[in-house]
Amino acid sequence: MNAHDAVEVISTKRDGGALSRSQISWVVDAYTKGVVADEQMSALAMAILLNGMDGREIADWTEAMIASGERMDFSTLSRPTADKHSTGGVGDKITLPLAPLVAACGVAVPQLSGRGLGHTGGTLDKLESIPGWRATLSNEEMLAQLESVGAVICAAGDGLAPADRKLYALRDVTGTVEAIPLIASSIMSKKIAEGTGALVLDVKVGSGAFMKDVDRARELAEVMVALGSNAGVTTVALLTDMDVPLGLTAGNAIEVAESVEVLAGGGPPDVVELTLALAREMLAGAGVTDVDPADRLADGSAMDAWKAMIRAQGGDPDAPLPTARESHVVTADAGGVLTRLDALAVGIAAWRLGAGRERKEDPVQAGAGVVWHARPGDAVTAGQPLFTLLTDTPERFDRALAALDGGYRIDPPGTSYDARPLVIDRVGEVAPVQR
Ligand code: URA
C-alpha cells in the first residue's frame, strides 16, 4: 500500500497546509517514476506557487529531488572545489573566463552547464562555437580533467536530479516557473548533487533577468543560500544588475571572443569587474585567501588554464572562430548621451538573429548575435554605429530590428546618467578578502 496518494498531497497544499517530509519524498519519487501523473503534479506546482512553502518544506523538497538521481563526489581531488551558478542574463559570458581563472588560483571548478532557451544564452552553445570542442564528458573524464587542468565546463548528465528535469519541463508549460520554492529547489538540487564544496550564486536582477525586482531576487538568494549552507556547501549570492546587458556582445562565437579578451588582460570593464568579484567569492568559499585573481589575469596563467581546458575537451583554442555571413549596422540618428540599453531588447534581438533557439531541439548559429558599440553613459555622435547585427540568414534582420526598437534611448548632450552598481547586494556569510 502507498504511504500517500496524489490527491491528498495536492489538497494539503491547496488548503494552505505544510507538506510533511514523508508526503514530499513520496510525491517527488512517485512523479519521477510516472506513478503521479503530469496533471496531478501541475496542480501541486500551482498550489505551491499560490500558497508557498516554508523553509523546512523547501529543504525536504530539494533533498527529494537530489535523491531522485546520482550524487557526484570530488573528495578524491587534491584541491578544493567551487562552482558558480547564474540565474541567466543577456551577454552573460562570465563562466568562460571565470572557470579557468579560478582554476589558475588553485581551486577546481566543476561547472555543469546547460544550453540556452529563450532570450538568455547557454554556456554550452557558446563553447560549441569553438572548432572541435565537445560538451559531453563521462564522470571519469570530468574527474581526470579537474585534477589535471582544474576546470571543466560540460553538459550535466541525465543522472543528475532527474526529478528536476521532468518537473522543470512541466513548469515551463503550466505557468509555474516563477514559484520561488520551486526555482530555489530546482537550482540547488542540481548544484548540491554535483558535489561542489563551495558555491557562488549570481542572481540577476532587471529587465533581462528572470527576477525583475530586487526584493524578489533577494528572497530567492536567501532561500538558495540557506539550502546550500544546510547541505554543507559554503554558499553566497551576489545580486547583480541585468537591466543593461553585460559587456559589448550577445551571441555565441562573439561572446567567446570577448571572454578571450578578458583572459588576455583586456575586455569590457563590467565583464572584468564581475569576473573578479565572483572569483574572489569562489576563492573565499573554498578557503583560498592568499591569491589575487587579478594577478592571474595579468600574468597569463588564467589564459593558459583556458587553453588547457578547451584542448582537454577536443577544442582548438587558437582556431579562428566562426563568423556570420551577413551584418547590418544600426547608427545613432542624433548625437547625445546613451541613457538606456535594455537587456531584454538586446537578448531578444540576438535570439531572433539565430543565436538562441525557440524549441529545445533547434540548432543555433555560431556567428549570430548583436554587438553594441556604446554603453549607457557614453556620448554618441549622429551617424555613429550603435549596433552591429550578425546572422547567416538575413531575413531575420527585420524582426531583430523590431526587438531593438524602443530598447535604447539617446538624450541631449550633457544629460547625466546614474548607473546602478553592477553588484547590487550580497547574501551569505563568508566574506572575501578585500583588496
Ligand atoms: N533555472 C533552473 O535550473 N531552474 C529553475 O527553476 C529556474 C532556473
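Data block above holds the structure.
One structure accompanies this document, and this report is about it. Owing to the predicted nature of the structure, the values given are computational and were not obtained by experimental measurement.

1. With respect to the packing of aromatic side chains
Centre-to-centre distance and the angle between the planes together describe a pair of aromatic rings.
Part 1: Going through the model one piece at a time under the given rule, you end up with 1 aromatic pair.
Part 2: Look at phenylalanine 387 and tyrosine 408: their rings are 5.1 Å apart centre to centre, the planes differ by 65°, and that puts the pair in the edge-to-face class. With phenylalanine 387 in strand β11 (residues 385-391) and tyrosine 408 in strand β12 (residues 408-411), this pair connects stretches of sequence that are 21 residues apart.
Part 3: Given the relative accessible area of 3%, phenylalanine 387 is considered buried.

2. Let's talk about the pattern of salt bridges
Two side chains that carry opposite charge are able to pair once their charged atoms sit near each other.
Part 1: In this structure the tally under the stated criterion is 28 salt bridges.
Part 2: Lysine 13 is the partner of glutamate 57 in a salt bridge, and the nearest nitrogen-oxygen pair spans 3.0 Å. A residue pair is termed long-range when its members are at least 10 positions apart, and glutamate 57 in helix α4 (residues 55-67) and lysine 13 in helix α1 (residues 6-14) qualify at 44 residues. A single burial state applies to glutamate 57 and to lysine 13, both of which are buried.

3. Quick look at the environment of glycine 315
Part 1: With respect to the secondary-structure elements, glycine 315 resides in the loop between α14 (301-312) and β7 (326-331).
Part 2: For the pair glycine 315 and serine 301, spaced 14 residues apart in sequence, the C-alpha separation works out to 19 Å.
Part 3: Those residues in contact with glycine 315 that sit more than four places away from it in its chain are Ile130, Pro131, Gly132, Trp133 and Ile310.

4. Topic: helix α16 (residues 397-404)
Part 1: All of the buried residues along α16 are Phe397, Ala400, Ala403 and Leu404. End-on, the buried residues of α16 take up no more than an arc of 120°, which puts them together on one face. Projecting away from the buried face of α16 at angles above 90 degrees are the exposed residues Asp398 and Arg399.
Part 2: Contact partners of the buried residues in α16: β7, α15 (343-355), β11 and β12.

5. Here's the deal with the site of the ligand
Part 1: Around the ligand, the structure places Tyr168, Arg171, Ile183, Ser186, Ile187, Lys190 and Phe210.
Part 2: Within the side chain of arginine 171, an N or O atom sits 2.9 Å from an oxygen atom of the ligand.
Part 3: Serine 186 is positioned such that a nitrogen or oxygen atom in its side chain is 2.6 Å from a nitrogen atom of the ligand.
Part 4: Coverage of the ligand by the protein chains reaches 89% of its 240 Å² of free accessible surface.
Part 5: Elements supplying a minimum of two residues to the shell around the ligand: α8 (162-172) and α9 (180-194).
Part 6: Here the shell around the ligand is composed, by residue class, of 4 nonpolar, 1 polar and 2 charged.

6. Observations regarding the nonpolar core
Part 1: In this structure, Trp306, Val346, Val370 and Phe387 are the most contacted members of the largest nonpolar core, which totals 72 residues.
Part 2: The greatest single-element share of this core, amounting to 8 residues, is contributed by helix α12 (residues 269-285).
Part 3: When residues of this core are assigned to domains, at least three fall in each of domain 2 (82-158 + 168-319 + 423-428) and domain 3 (326-411).
Part 4: Here valine 346 is in contact with Val90, Pro245, Ala250, Leu341, Val370, Trp372, Phe387 and Leu404, once residues within four sequence places are set aside.

Calculation notes
- Residues numbered from 1 in each chain as written.
- Predicted model: local features only at pLDDT ≥ 70, side-chain atom pairs only at ≥ 80, totals over all residues.
- Heavy atoms only, no water.
- Phe/Tyr/Trp six-rings, centres within 6.5 Å; stacked < 30°, edge-to-face > 60°.
- Helix = DSSP H or I, 4+ residues; strand = E, 2+ residues; numbered from the N terminus.
- Buried < 20%, exposed > 50% of the residue type's maximum accessible area, 1.4 Å probe, protein only.
- Salt bridge = Lys/Arg side-chain N within 4 Å of Asp/Glu carboxyl O.
- Contact = heavy atoms within 4.5 Å.
- Arc of directions from axis to C-beta.
- Near = heavy atom within 4 Å.
- Polar contact = N/O pair within 3.5 Å; in protein donor to acceptor, adjacent residues only side chain to side chain.
- Areas by Shrake-Rupley, 256 points an atom, 1.4 Å probe, with all protein chains shown as cover.
- Nonpolar A, V, L, I, M, F, W, Y, C, P; charged D, E, K, R; others polar.
- Core = buried A, V, L, I, M, F, W, Y, C linked by side-chain atoms within 4.5 Å.
- Domains from an automatic or database assignment.

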